[in-house]
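# Chain and residue survey
If you want the building blocks of each chain, they are given just below.
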Amino acid sequence: MSFSISGASFKGVSTLGASQPEAGYYEVTGVSVEYKPGDKQDARRFTVEFPNGFKMFEFMHVPVDGLPEKSFKGRIAALKTILASFGFTHAEIENNEISDAWFVSATNGGRKAYVEFVPGQQGVQGSYARINKFLSKEQYEKAIASGAKPVARDGGVPQRSAPAVPAGIPASPSASIAAPVQAVAPAPAGGLRLPPPPAVGVAR
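### Observations regarding the nonpolar core
Core analysis: the biggest nonpolar cluster contains 24 residues, and Phe 46, Phe 50, Met 56, Phe 103, Val 115 and Phe 117 have the highest contact counts within it. Secondary structure elements with two or more residues in this core: strand E1 (24-34), strand E2 (43-49), strand E3 (55-61), helix H1 (69-85), strand E4 (113-118) and strand E5 (130-135). With 5 residues, the next largest nonpolar core counts Tyr 25, Leu 135, Tyr 140 and Ala 143 among its residues.

Right under this line is the structure:
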């Protein structure tokens, strides 16, 4: 007897035997951007997949009306850092409407991002696998060549949080910010339904 399972059921689920990688620098695939009941309205779960099949998510915070200017710009900078990691240029980011589709490899032209990763510590309460930073491809290649290994922040106990903004990503040539994002209402389980990213080739 045949069976049918929705592909959405497989999102964010690691393959059997896919344990968290060791501390290091990795190329990752953007899997999904989701809002789930109980999450803050301005938070989205950004799931990535590592080369060995291990999947994890970090919370990605959307800029909304009413935030202090510093917080608003900080969230814009964090999102731009991830987009830069996927290989999008300042011009592509600033001259288009950004949606969750830009962060998913299946809908952004097959682009992948680069991360500094630290695994959670077994037996340590409150310790989770963590992405310390999203890196540009150049930063990733330099980190790999250096042979160095990243370490956990916050006193050795990694805590799940929004992606950090690496200093190596240059600031936008334009100091202005696009029109404010409207207040975010709860999104459907499949993520925000906004225009797709521009048709671009795969960047490796």
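### With respect to the sheet that holds E4
An order of E3-E2-E1-E4-E5 is seen for the 5 strands of this open sheet, with the pairing classed as antiparallel. For this open sheet the edge positions go to E3 and E5, each flanked by a neighbour on one side alone. When strand polarity is set aside, the average angle formed by the axes of neighbouring strands in this sheet is 45°. Docked against the sheet, helix H3 (residues 137-146) engages E1, E4 and E5, running at close to 145° with respect to E1.

### Comments concerning the environment of Phe 59
Here Phe 59 is to be found in strand E3. Given a relative accessible area of 22%, Phe 59 falls into the partly exposed group. Considered as a pair, Phe 59 and Phe 46 are 13 residues apart in the sequence and their alpha carbons are 6.0 Å apart.

### Here's the deal with the pairing of E4
Taken across its 6 residues, E4 has 6 buried, putting it largely inside the fold. Residues Ala 113, Val 115 and Phe 117 point to one face of E4 and Tyr 114, Glu 116 and Val 118 to the other, with burial holding for every one of them. In this structure, E1 lies alongside E4, joined through 5 bridges in antiparallel fashion. Each residue of the ladder has a partner; that of Glu 27, found in E4, is Tyr 114. Across 5 bridges, the pairing between E4 and E5 is antiparallel. Of the residues in E5, the one forming a bridge with Val 115 is Phe 134.

### Section: the packing of aromatic side chains
Across all of its chains, the model carries 11 aromatic pairs by this definition. Seen in terms of ring centroids, Phe 46 and Phe 134 are 6.0 Å apart; in terms of plane orientation they differ by 25°. Their pairing is stacked. Residue Phe 46 is located in strand E2, and its partner Phe 134 is located in strand E5; the two are separated by 88 residues in the primary sequence. By relative accessible area, which is 0% here, Phe 134 ends up buried. Aromatic side chains Phe 88 and Trp 102 sit 4.7 Å apart centroid to centroid with 45° between the ring planes, which places their arrangement in the tilted category. A residue pair is termed long-range when its members are at least 10 positions apart, and Phe 88 in the loop between H1 and helix H2 (90-94) and Trp 102 in the loop between H2 and E4 qualify at 14 residues. Members of the aromatic cluster, each reached through a chain of ring pairs, are Tyr 26, Phe 50, Phe 54 and Phe 117. Its guanidinium or amino end placed over the ring of Phe 88, Arg 111 lies 4.3 Å from that ring's centre, counting from NZ or CZ.

What counts as what
Residues numbered from 1 in each chain as written. Predicted model: local features only at pLDDT ≥ 70, side-chain atom pairs only at ≥ 80, totals over all residues. Heavy atoms only, no water. Core = buried A, V, L, I, M, F, W, Y, C linked by side-chain atoms within 4.5 Å. Buried < 20%, exposed > 50% of the residue type's maximum accessible area, 1.4 Å probe, protein only. Helix = DSSP H or I, 4+ residues; strand = E, 2+ residues; numbered from the N terminus. Pairing = 2+ DSSP bridges. Axes fitted to C-alpha atoms, helices over the stretch in contact; angles between N-to-C directions. Contact = heavy atoms within 4.5 Å. Phe/Tyr/Trp six-rings, centres within 6.5 Å; stacked < 30°, edge-to-face > 60°. Lys NZ or Arg CZ within 6 Å of the ring centre and 35° of its normal.

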